[in-house]
Each structure stands twice: as C-alpha cells, then as structure tokens.
Amino acid sequence: MIATIDWVRAQALPDGAVLLDLALPPVTMTQLAFYCGAAGVTDPIHYDRDLAKRMGFKDAVVNGSLRVGWMAEAVTSLVAPPSSVRELKCNHVRAMHVEDTPAITVTLKGRERPTVLGGELVLICTIEMRVGDTITDRGEARLGIAATGAA
Amino acid sequence: MSERSSDGQEAIRRQITAGIAALSARIGEEIASWGPVEIDRTTVSRYWEALGFPGRPRDCEIVPLTLLALLPRRPVDINRDVRPSEQVDNALGNPVNGGTTFTIKRALHIGERVRGRTALTEAFVREGRSGPLGIVVKQTSFWGDDGTEIGAVDRTTIYRGGIER
C-alpha cells in the first residue's frame, strides 16, 4: 500500500524527495488487447504484432493513453481523495513495446503556497517513466493537499 | 541533399503551411460534441483492470481521470480509427503524439452522466531540425448533466507532413 501525502507530511517533504518508485509488470499482448477493447482504441499497431513490425516498429506498440493511465494512477495513489489531482501533463519521449517492463518514479519538484489561510497546499511533482535506463515518458502533476485532510 | 529530396522538403513545407493556415481560421470551432453518456460501473471496472496498475483504487466510486479522455472514442470499430476529433486535420501527414494535459475541476462519480465538447484551440507552425512541423491542439471539455464543469483534456498533435503511413 502506497502511503498517501497528508497536510503534515506535505509540509515536511523536501524538494527532490522521491514520492513513488514503482516497477510495473511486463506488458503482455493480452493486456494490450484487453486495454484496446476497454478503451475503444482501434489502431491495430497496438494488438497486431505482425502489422506493427511491417510498419517499422520493433513490436506491438504500447498505447500512449495506457502509459498516461499509469502515470495518472501513480500520482492518484499518492493522495486522498483521488480528485486531489488538479492537473496532469504527460509527454511521450520514446516508443514502448510489448514485453517491456516499465517503471515509474514520482519526485517532488516544489510547491505552491496557499493563497489564503487554511487553503490548499499544491505540490508540484515530476513523473518519469522508463524501460531499463531509457526514459519513455515525462510528466508533471499538481496535487492539492487540503489543510483539513479533505479536499 | 539531392534535388528530389529538396523538392520533397519543399512539398512538405507547402503541405504543413497550407494545412495549418486552413486550421488557423477555425480556432475555437467545435469539432465534435457528444453525450450525455452514463459512466457505468462495468466500463470503469474494465478500464481499471485493463490498466493493470498494482493495487486497487482508493475510492471505487470515482472514475479514473484518464478514462475521461477515452469517452469520445466509443464505440469500438475494429481496424478503423473512428476518433471524431482527429478528422479535422486530415490534410496534415504523419502525426505523432505531442502530449496530453488533464485539468480536473471535480471528481466524476460512477453513475453520473457526462457531456463533452471538443474544440480546436491552437494551430501553428514550428521549425523543427528537419523542417517545419504543424502543431495542433484540441481541447475536450467535460461537464455533468447538472451543468458543472468536470475538467478538460488538451491533446497536442505534431504533424511532420508527407504521406500517412
């Protein structure tokens, strides 16, 4: 279970603190096919390995939206309630393929001070996803931490 | 560089410039609107399982924020890309994902009905290392049946020009 960040912990965390460092399981064709069905994704480069290779990819391509979904879940797991995620920006740097084993790191970049007494403290976090030593995705999130513990 | 590739570069420049100029005149235009769509528990459960993220969600009544971005894509039509928001820029070739930004105003709960509207928000040319790039940003805004704003998703697409793969 990932520990959530409450008001007290948010105050104490130093900039640069690693909030989450998580290895995901290897991506399988079953997962990609299931995701395409669940998400309404229709591009066959995600579920047809032969076609993906004919189009010049190393193998079936992991959906960008699936990678965004992992990044979103990573930051959502750090706060309660989940709606405390105020903003999430994601950029894909490199392609990811089936059988890759991604890992996600979320780091505290800084914070926005509350503008009113008792207001919300907003943590700014960077998100990095990688396969081995190669960075595949970068992102940034703003997480709202309420003074009362409830957003 | 051969004359032919130079001609090719010039053709791509014309394609990008003309395509972006056509889109620039349509900034703010609605590309698609849809809904209301009810977010049912089965859809959310399938999405959550498909993500395969370790652990379980802390609050099973709240819809994962990234599912919002996928709502306009339904229903599935296998082997065809039916995303309505991408039909506006067919004249530009070779798209790559330029990033996604979610802005969240409030939580979306299972059982709520959602409406969405996609608009063209930016279209401009940027010089890349190997030539001009067409940058197109579309924003989809989401709101509940009660009229309250849920959030927005900004999608940036970068077009390199040339023939579609």
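What this report covers is the structure whose coordinates are included nearby. (Residues numbered from 1 in each chain as written. Chains lettered and ligands numbered in written order. Predicted model: local features only at pLDDT ≥ 70, side-chain atom pairs only at ≥ 80, totals over all residues. Heavy atoms only, no water.)

Observations concerning the overall build of chain B
Check the secondary structure of chain B and you find three helices and five strands. When the helices and strands of chain B are read in sequence order from the N terminus, they spell out α-β-α-α-β-β-β-β. The burial tally for chain B puts 41% of its 165 residues in the buried class. For chain B, long-range pairs separated by at least 24 residues make up 72% of all intrachain contacts whose partners lie at least 6 apart in sequence. Surface summary for chain B: the accessible area is close to 8700 Å², and the carbon and sulfur share equals 48%. (Helix = DSSP H or I, 4+ residues; strand = E, 2+ residues; numbered from the N terminus. Buried < 20%, exposed > 50% of the residue type's maximum accessible area, 1.4 Å probe, protein only. Contact = heavy atoms within 4.5 Å. Areas by Shrake-Rupley, 256 points an atom, 1.4 Å probe, with all protein chains shown as cover.)

Concerning the overall build of chain A
Broken down by element type, chain A carries four helices and five strands. Going residue by residue from the N terminus, the α and β elements of chain A occur as α-β-α-α-α-β-β-β-β. Of all 151 residues assigned to chain A, the portion counted as buried reaches 54%. Of the contacts formed within chain A by residues at least 6 apart in sequence, a portion of 67% connects residues at least 24 apart. Surface exposure of chain A reaches about 6600 Å², of which carbon and sulfur atoms provide 54%.

Considering the interface of chain B and chain A
Interface size, as often reported, equals the accessible area lost upon joining of the parts. Counting residues at the interface gives 35 residues for chain B, matched by 43 residues for chain A. Between chain B and chain A, roughly 3100 Å² of surface is buried when both sides are summed, and carbon and sulfur atoms account for 61% of that area. One can count zero salt bridges joining chain B with chain A. At the boundary of chain B with chain A, the tally comes to seven residue pairs in polar contact (both at pLDDT 80 or more). (Buried area = accessible area lost by both parts, 1.4 Å probe. Salt bridge = Lys/Arg side-chain N within 4 Å of Asp/Glu carboxyl O. Polar contact = N/O pair within 3.5 Å; in protein donor to acceptor, adjacent residues only side chain to side chain.)

Looking at the pairing of strand E4 (residues 121-131) of chain A
All names here are of chain A. Bridge count for strand E3 (residues 102-112) against E4 is ten bridges, and the pairing is antiparallel. Residue Glu112 lies in a different strand from E4, and its bridge partner there is Val122. Two strands pair when backbone bridges link them, and E4 and strand E5 (residues 134-145) are joined in this way by eleven bridges, in the antiparallel orientation. Directly across from Val122, in E5, lies its bridge partner Gly144. (Pairing = 2+ DSSP bridges.)

Remarks on the pattern of salt bridges
All chains considered together, the criterion is met by 16 salt bridges over all chains. Here the salt bridges do not stand alone but share partners, grouping Arg49, Asp59 and Glu99 of chain A into one network.

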